[in-house]
Amino acid sequence: MEKKLHISKLPGFFTVSIFIILSINAVAQEELYEMDLSDKIEVELDYGIKGGKVETHVYMTSALWSFDDDYLGKYANQGGSMSGYPLFISYSGYISISSYISKTLFAEAEFELYKGQKGEFKVTRLRTVWSPSEYFRLTLGRDFPAIGLQDKVYYPTSQYRLFALAPYAYYQILRATGWWDTGLHLHGKIPLSGDMKVFLDASLINGPGDEHKGAHYLETHMIANTEGYMFENFHSKARQPWDNNTSKYIAGRLSFSPIKNLEFGGSYMTGKYDVEDKYNADYTFGHLLYGGERLTIAAEYAQLMVQLPDSNLAGPDVWPTGEINNTVGDNKVTQFSYYLSFGYKFFQDTKINFLEPVFRYEFMDSWKEDNLNKGDRNAYWVGFRFSPIKHWVIKTAYLYQTEKYKELANNGFVIETVVDF
């Protein structure tokens, strides 16, 4: 039975008090509607530049996803949470708030509305950028480190992000969602003759590690499952809001641009990832990019080498009976991937913005030392990007994979729409 409040049954003091509050509220509401808002009170913050120019930029992605059971999981034969059935998902939305403090000082706060159906968000960039000239830039805070190409290829709005899903080089070698980290970041440009340039980048960051800082150390995850497939998602356990040890990762990247729109180079990063500062995780990348008016080419090699306790590869709890895929005696796991992708724009700047057929080939080896080649696979993507108008792109592609050891259920397709403003 619904319970009702009868004012007449309350003590006299409360009855009078409620009446007075309701009367004051009614008068306040009436005065608010009649108020000339041009005379409203201004409450100033004790920070910020009065009249300063602040820019806000947003992009959003949504998709129809349909992949077989074994696609993008912790192991090659164990799919992720979004595999096995078709579904509509809001991938994410990015909000960037930025401003120039002076002609040489820039600040940005960027947030990702992460996996829209979960209602989560995370900080991606939180940085202060000082650039006294076009040849030098110093960044303090959370940003992309100088490893791989995530700062140029990761964003769905990038010219080089030809497909809705990034290649294995990002999902399994670098990080499942790209990689930001807090620290010191340097960028330099050396002009040579004509359009020829050299780019130098370096970062000093926290690096990967177990955020829990407890007895459940990160190195225990790099182990084979009961069928002999190696764990493929190192960074799903390696994300941390604070550093977990005394080792700071150092990253460096060197790139050369011989002509306009063409760049190639390599990068390397190393440091300890465990709480006790015993084991290294080393990264090696090589890349080539060409971004012309119509033709786009992106190619990259990515490798992760993780040092491990001997018990991870030979012990009573390891498949099968202490001997894994003929790798007993190894003290590391090496995972690598490479890809080649390209697209060519047609009907550019006609009644539509462009139509671009795209293709990507990639290879993934989740355990280089494994003599049985479990987890090795070739991936072939075919699709197109269609842009009816600027700032709106529709991407669709089909993925077909072949395996060296055992056929896996990891094919599928994805359709994505990207809008930025």
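A brief structural summary. Predicted model, so just to flag it, every value in this text is computed and none were measured.

1. A closer look at the pattern of salt bridges
Inference 1: As enumerated under the stated definition, the model contains twelve salt bridges in all.
Inference 2: We note a salt bridge from Asp 151 to Arg 253, for which the minimum N-O separation is 3.3 Å. Taken together, the residues Asp 151 in helix H2 (residues 150–153) and Arg 253 in strand E8 (residues 249–257) connect sequence positions 102 residues apart.
Inference 3: Asp 151 gets classed as partly exposed once you look at its relative accessible area, which sits at 27%.
Inference 4: A residue is classified by how much of its surface remains accessible, and Arg 253, at 7% relative accessible area, is buried.
Inference 5: Residue Arg 360 pairs with Glu 362 through a salt bridge whose shortest N-O separation is 3.1 Å.
Inference 6: By sharing partners, the salt bridges in this structure join Glu 108, Arg 125, Arg 127 and Asp 143 into a single network.

2. Some words on the nonpolar core
One broad rule of soluble globular proteins: the nonpolar side chains tend to lie buried together.
Inference 1: Within the largest apolar cluster, 63 residues are counted, with the highest numbers of intra-cluster contacts made by Trp 65, Tyr 71, Leu 165, Phe 234, Tyr 273, Tyr 283 and Trp 381.
Inference 2: Broken down by element, this core gets its largest block of residues, six residues, from helix H3 (residues 168–174).
Inference 3: Contacts of Tyr 283, omitting those with residues within four sequence positions, involve Ile 147, Ile 173, Trp 179, Pro 208, Phe 234, His 235, Tyr 249, Ser 267, Tyr 268, Met 269, Gln 303 and Leu 304.
Inference 4: With seven residues, the next largest nonpolar core counts Tyr 59, Tyr 94, Tyr 155 and Val 418 among its residues.

3. Things to note about the environment of Gly 73
Inference 1: Within the secondary structure, Gly 73 is located in the loop between strand E1 (54–67) and strand E2 (87–100).
Inference 2: Residue classification places Gly 73 among the buried positions, given a relative accessible area of 5%.
Inference 3: Sequence-wise, Gly 73 and Phe 231 are 158 residues apart; in three dimensions their C-alpha atoms are separated by 9.0 Å.

4. Considering the pairing of strand E15 (residues 392–403)
Inference 1: In this structure, strand E14 (residues 377–387) lies alongside E15, joined through ten bridges in antiparallel fashion. Its bridge partner being in E15, Trp 381 is matched across the sheet by Leu 399.
Inference 2: Where E14 folds back onto E15 in an antiparallel hairpin, the turn is made up of four residues, including His 391, whose phi is positive at roughly 75°.
Inference 3: Relative to strand E16 (residues 412–420), E15 is paired through eight bridges, and the arrangement is antiparallel. Each bridged residue has a counterpart across the sheet, and for Val 393 the counterpart in E16 is Val 418.

5. Details of unusual backbone geometry
Inference 1: A positive phi angle is found at Leu 72, which is not glycine, with a value near 50°.
Inference 2: Looking at where Leu 72 falls in the secondary structure, it is placed in the loop between E1 and E2.
Inference 3: Judged by relative accessible area, which is 19%, Leu 72 ranks as buried.
Inference 4: With phi around 75°, His 391 is a residue other than glycine that occupies positive phi space.

6. With respect to empty space enclosed by the protein
Inference 1: Within this structure, the stated rule accounts for three cavities of 30 Å³ or more.
Inference 2: The space that makes up the largest cavity amounts to roughly 60 Å³.
Inference 3: Taken together, Val 153, Tyr 160, Arg 161, Leu 162, Phe 163, Pro 167, Ala 298, Tyr 339, Ser 341 and Arg 360 make up the lining of the largest cavity.
Inference 4: Among the residues forming the lining of the largest cavity, the class breakdown is seven nonpolar, one polar and two charged.

7. Things to note about the packing of aromatic side chains
Inference 1: Counted by the stated rule, this structure contains 29 aromatic pairs.
Inference 2: With 6.5 Å between their ring centres and 35° between their planes, Tyr 273 and Tyr 279 make a pair best called tilted. Both residues of the pair, Tyr 273 and Tyr 279, count as buried.
Inference 3: Residues Phe 342 and Phe 359 carry aromatic rings whose centres are separated by 5.7 Å and whose planes lie at 45° to one another, so their mutual orientation is tilted. In this pair, Phe 342 sits in strand E12 (residues 332–344) while Phe 359 sits in strand E13 (residues 354–365), placing the two residues 17 residues apart along the sequence.
Inference 4: Ring-pair connections join several aromatic residues into one group, and the members of that group are Tyr 59, Tyr 94, Phe 144, Tyr 154, Tyr 155 and Trp 180.
Inference 5: The ring of Phe 199 carries the charged tip of Lys 152 above its face, separated from the ring centre by 5.7 Å.

Cut-off values and rules
- Residues numbered from 1 in each chain as written.
- Predicted model: local features only at pLDDT ≥ 70, side-chain atom pairs only at ≥ 80, totals over all residues.
- Heavy atoms only, no water.
- Salt bridge = Lys/Arg side-chain N within 4 Å of Asp/Glu carboxyl O.
- Helix = DSSP H or I, 4+ residues; strand = E, 2+ residues; numbered from the N terminus.
- Buried < 20%, exposed > 50% of the residue type's maximum accessible area, 1.4 Å probe, protein only.
- Core = buried A, V, L, I, M, F, W, Y, C linked by side-chain atoms within 4.5 Å.
- Contact = heavy atoms within 4.5 Å.
- Pairing = 2+ DSSP bridges.
- 1 Å grid on protein atoms, 1.4 Å probe; cavity = no way out; pocket = protein on both sides within 12 Å on 5 of 7 lines; lining within 4 Å.
- Points joined across faces, edges and corners; volume = space filled by probe spheres on them.
- Nonpolar A, V, L, I, M, F, W, Y, C, P; charged D, E, K, R; others polar.
- Phe/Tyr/Trp six-rings, centres within 6.5 Å; stacked < 30°, edge-to-face > 60°.
- Lys NZ or Arg CZ within 6 Å of the ring centre and 35° of its normal.

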